[in-house]
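Listed below, chain by chain, are the residues.
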Number of protein chains: 2
Amino acid sequence: MSPKSVHAPAAMSVAVSAVIFAMRPDEGGRMHLWLPLVRRTREPFGGRWALPGGWVGADESLSDAAGRTLHETTALRPRYLEQLYTFGRPDRSPPGCDDGRVVSVVYTALVRGDEAEQAEEGENVRWFRTDALPDLAFDHSEIVEYALWRLRNKIEYAHVAFFFLGERFSLRQLREVYEVILERTLDPANFRRRVEATGTIVPTTERLTGGRHRPPRLYRTEFTLDLRATGPSA
Amino acid sequence: MSPKSVHAPAAMSVAVSAVIFAMRPDEGGRMHLWLPLVRRTREPFGGRWALPGGWVGADESLSDAAGRTLHETTALRPRYLEQLYTFGRPDRSPPGCDDGRVVSVVYTALVRGDEAEQAEEGENVRWFRTDALPDLAFDHSEIVEYALWRLRNKIEYAHVAFFFLGERFSLRQLREVYEVILERTLDPANFRRRVEATGTIVPTTERLTGGRHRPPRLYRTEFTLDLRATGPSA
DNA sequence: TAAATAGTGTCTTTAAGACACTATGGA
DNA sequence: TCCATAGTGTCTTAAAGACACTATTTA
């Protein structure tokens, strides 16, 4: 038997959240993926960590709302912001929750490591390594898992790695982004050939000095994300 | 200057729509991609064709709502239903529209050709070839374009072609699905090798008789879509 | 036996991976 | 001069494509 048809919209709130990824070294200098979480100050899940987010304004697009709310909590302004998935199970919030039913449109954002440094951190905002996350509020653990899965797939066929890096980068830095996300090492020689063949990077005359070894050439990319390629401009 | 922060949810309605694809021959026997549209009986866009859809019930998941509303209008029960994208620009509905602001979670569904035959058709529900669509209501033309783009990409790496076919199928039928979606011909020999190598199809002892030529072997697949691979169970 | 499609074999091209080797700046 | 990493060359393997060829059923 089918459920009854619905002739009028039900009462529902629309929220946005963001999974914000950054590539940063740990204390030992090893690179990892990190994301910022905010501590909930209210029930439900008071005290638990959650993805940054908030309500969508009446005259605001979903992506604008995602950009605004993540800026309000983390002070970040990512260059990359893409819709990930919309979560709307009726039981997402525990029973007796004030907010009623909430549909969350979740975005993935990518920021550079140096941007992440500048991001405000405090008692209620903190960066976590993706391989050492606490149990999150709501279904946010599941959401992060899915965002990681999508990022790993996406990096294989889309030019998203550049969003983790600055204007100029060495091939080692680029390779490190791939290695951390794919969780395996890549042959430097083969990686170089592959990425050079795609034609998405351009060598500059600059070199990266400071290491105690031969300084690598720096590259740049004119590549700017075509949003039509990843999702409509919505 | 940033927009003001939003401390309470705004009034918004959540709707679902479905882009339902089927593979069917035209009068001349040539295969094409088709989708069912419904004629709007109310303003805005009264008389224009639109994607089937409706409101999300208060205690209904988004995918359940998508399945229910598309069944109500087309009588179809697709085996494949996947979230495509969520559209929420504030100006999606023309000004002065009764429904207020609407956020639409759009799903893609795949059905077999013989199922499509059974689907009710009438004055207000009709199948259209994807290469000969009228101007649709709202932003639905843009949505269909994006769904087509995603389908073309998806068929390259995911096992979605089987959802267009019945329990048993010849390699030619499978190849035809690929050819129609990718809009190019594929070498039969190389296609056979490629699809056999993936191990997703199993030969049966049956053959497809009736043609005036050597009858092809029929294959089947135990493959059932793992929804975790395409999107979380939401 | 002719038409038509099923199905096989094989050569070429291209991309990916393994890995040895040379190059060069800094301590 | 040695160390560490940058960067090159080359061989092997696997996959994709082109295309000739054989096989089998129905009209």
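Worth saying up front: this structure is predicted, and the values here are computed from it rather than measured.

**Describing the overall build of chain A**
Line of reasoning, step 1. Check the secondary structure of chain A and you find five helices and nine strands.
Line of reasoning, step 2. Taken across its 234 residues, chain A has 50% of its residues classed as buried.
Line of reasoning, step 3. Taking contacts inside chain A between residues at least 6 apart in sequence as the whole, the part at least 24 apart equals 64%.
Line of reasoning, step 4. A total accessible area of about 11700 Å² is found for chain A, and carbon and sulfur atoms account for 47% of it.
Line of reasoning, step 5. When the 32 positive and 32 negative side-chain charges of chain A are each reduced to one mean point, those points stand 5 Å apart.

**Section: the protein's contact with DNA strand C**
Line of reasoning, step 1. In the vicinity of DNA strand C, 19 residues are found, and the nearest of them are Asn 190, Arg 214 and Pro 215 of chain A together with Arg 192 and Arg 217 of chain B.
Line of reasoning, step 2. Of all DNA strand C atoms lying within 4 Å of any protein atom, the proportion belonging to sugar or phosphate reaches 62%.
Line of reasoning, step 3. Contact distances for DNA strand C include 3.5 Å between a phosphate oxygen and a side-chain N or O atom of Arg 172 of chain B.
Line of reasoning, step 4. Within the contact set of DNA strand C, a phosphate oxygen lies 3.0 Å away from a side-chain nitrogen or oxygen of Arg 192 of chain B.
Line of reasoning, step 5. Breaking the surface near DNA strand C down by element, the ones donating at least two residues are helix H5 (188-198) of chain A together with helix H5 (188-198) of chain B.
Line of reasoning, step 6. The dominant element in the surface near DNA strand C, judged by the number of residues it contributes, is H5 of chain A, at four residues.
Line of reasoning, step 7. In terms of residue class, the surface near DNA strand C is built from four nonpolar, four polar and eleven charged.

**Quick look at the nonpolar core**
Line of reasoning, step 1. Membership of the largest hydrophobic core comes to 43 residues, with the highest contact counts inside it found for Phe 21, Leu 33, Phe 164 and Leu 174 of chain B.
Line of reasoning, step 2. Val 19, Phe 21, Leu 33 and Val 144 of chain A belong to the second largest nonpolar core, which has 42 residues in total.

So, how was this worked out
Residues numbered from 1 in each chain as written. Chains lettered and ligands numbered in written order. Predicted model: local features only at pLDDT ≥ 70, side-chain atom pairs only at ≥ 80, totals over all residues. Heavy atoms only, no water. Helix = DSSP H or I, 4+ residues; strand = E, 2+ residues; numbered from the N terminus. Buried < 20%, exposed > 50% of the residue type's maximum accessible area, 1.4 Å probe, protein only. Contact = heavy atoms within 4.5 Å. Areas by Shrake-Rupley, 256 points an atom, 1.4 Å probe, with all protein chains shown as cover. Lys, Arg positive; Asp, Glu negative; His and termini not counted. Charge placed at Lys NZ, Arg CZ, Asp CG, Glu CD. Near = heavy atom within 4 Å. Polar contact = N/O pair within 3.5 Å; in protein donor to acceptor, adjacent residues only side chain to side chain. Nonpolar A, V, L, I, M, F, W, Y, C, P; charged D, E, K, R; others polar. Core = buried A, V, L, I, M, F, W, Y, C linked by side-chain atoms within 4.5 Å.

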